[in-house]
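Descriptive analysis of the structure
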Amino acid sequence: MSALRPSNLPKLAVCPCYESNPVAGSAAERGTLLDTAFRAELLKLDERLLLANKLTADEIAAVSWSVSMVRAMSGRERVLAREDDCRVKILNLTGTADAIVPGKLSHFDLKTGARRNYREQMAAYALGLMGAHFASSWTAHLLFCDQREIETHTFTYEEAHAIVDQVVKAYNDTKKKPNPCEYCSWCAKADTCPARLAMVDQALA
């Protein structure tokens, strides 16, 4: 699987050589579980009760908070939450938003764990959704459910395109070099990265 996909753009913006580890860690598995529960609650699926049995009390509260924020902020507008309805095509990339509110020209993305930067990923989704809905601007709402906090980004088409294009060009640059960063422990190249090995050699010296 190519490293060049929306969810990796924030990491590639810091290190153009980043590559996701194919083995999902416990944090990633937890994020997937809460995301599934979030969709199930929004769609009022029967499976939401079964999913709730796999969550802690705090995780159930986090999902409930996220769902209530989506409903409050979307008002009476229709909320799309099925994965097939939330797939986004951006240039040659594809991704999936967690919930889309076409009437508000906005989407929501659930995030678990520590707060991090997701601006480039949100710009990519916004770019694809503006194209799909013939909009000149788009708003992305990040739901940091563990912190019960919302972060909002609004992009024009030109702004979103510039953000995504910059990361894609850096990734495709044949002269790109790795840059040690906070995402190193998540990278599949962590044990063979020349930049990290050079830092170890320097420390030993």
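Source: prediction; values computed, not measured. (Residues numbered from 1 in each chain as written. Predicted model: local features only at pLDDT ≥ 70, side-chain atom pairs only at ≥ 80, totals over all residues. Heavy atoms only, no water.)

So, the side chain of aspartate 35
Take aspartate 35: it is sitting in helix α2 (residues 26-43). The residues touching aspartate 35, leaving out its near neighbours within four places in the chain, are Asp98 and Leu110. (Helix = DSSP H or I, 4+ residues; strand = E, 2+ residues; numbered from the N terminus. Contact = heavy atoms within 4.5 Å.)

Comments concerning the nonpolar core
Formed by 35 residues in total, the largest nonpolar core has its most connected members in Leu9 and Phe155. For this core, the secondary-structure elements that each account for two or more residues are α1 (9-14), β1 (87-90), α5 (119-133), β5 (137-144) and α6 (157-172). No other element matches α5, which puts eight residues into this core. Once you skip the residues sitting within four places of it in the chain, leucine 9 turns out to touch Leu4, Leu93, Glu120, Gln121, Ala124, Val164 and Val167. Leu34, Ala40, Val63 and Val101 belong to the second-largest nonpolar core, a separate cluster that totals 19 residues. (Core = buried A, V, L, I, M, F, W, Y, C linked by side-chain atoms within 4.5 Å. Buried < 20%, exposed > 50% of the residue type's maximum accessible area, 1.4 Å probe, protein only.)

Some points on the layout of surface pockets
By volume, the largest pocket is sized at about 1500 Å³. Forming the walls of the largest pocket are 43 residues, and the residues nearest its centre are Ser7, Lys11, Ala28, Gly31 and Thr32. It is α2 that contributes the most residues to the lining of the largest pocket, eleven residues altogether. Considered class by class, the residues forming the lining of the largest pocket number 15 nonpolar, 15 polar and 13 charged. (1 Å grid on protein atoms, 1.4 Å probe; cavity = no way out; pocket = protein on both sides within 12 Å on 5 of 7 lines; lining within 4 Å. Points joined across faces, edges and corners; volume = space filled by probe spheres on them. Nonpolar A, V, L, I, M, F, W, Y, C, P; charged D, E, K, R; others polar.)

Thoughts on α6
The α-helix advances 3.6 residues per turn, and as a result positions three or four apart in sequence lie on the same side. Over its 16 residues, α6 extends 22 Å from the first C-alpha to the last, a length consistent with the 22 Å expected when each residue adds 1.5 Å. When we look at burial in α6, the residues that qualify are Ala160, Ile163, Val164, Val167, Val168 and Tyr171. All buried residues of α6 fall inside an arc of 125° around its axis, so they share one side. Exposed and facing more than 90 degrees away from the buried side of α6 are Glu158, Gln166 and Lys169. Turning to α6, the residues buried within the fold contact α1, α5 and β6 (149-156). (Expected span 1.5 Å × (residues − 1). Arc of directions from axis to C-beta.)

Quick notes on the packing of α5 against α6
Relative to each other, α5 and α6 sit at 125°, their axes nearing to 8 Å. The orientation of α5 with respect to α6, classified from their angle, is oblique. For the pair α5 and α6, the sense of crossing is left-handed. Between α5, through Arg119, Glu120, Ala123, Ala124, Leu127 and Met130, and α6, the contact on the second element is made entirely by Tyr157, Ala160, His161, Ile163, Val164 and Val167. Split by residue class, the contact of α5 with α6 holds nine nonpolar, one polar and two charged. (Axes fitted to C-alpha atoms, helices over the stretch in contact; angles between N-to-C directions. Parallel < 35°, antiparallel > 145°, perpendicular 65-115°, else oblique. Left-handed = near helix turned anticlockwise from the far one by under 90°.)

Observations concerning the pattern of salt bridges
The full count for this structure, using the stated rule, is 16 salt bridges. Arginine 148 is the partner of aspartate 58 in a salt bridge, and the nearest nitrogen-oxygen pair spans 3.3 Å. With a gap of 90 residues between them, aspartate 58 in helix α4 (residues 57-74) and arginine 148 in the loop between β5 and β6 connect regions that are remote in the sequence. Where glutamate 83 meets arginine 87, a salt bridge forms, and the shortest distance between an N and an O atom there is 3.9 Å. Here glutamate 83 falls in the partly exposed class, since its relative accessible area comes to 41%. Judged by relative accessible area, arginine 87 falls into the partly exposed class, the value being 48%. Here the salt bridges do not stand alone but share partners, grouping Arg82, Glu83, Asp84, Asp85 and Arg87 into one network. (Salt bridge = Lys/Arg side-chain N within 4 Å of Asp/Glu carboxyl O.)

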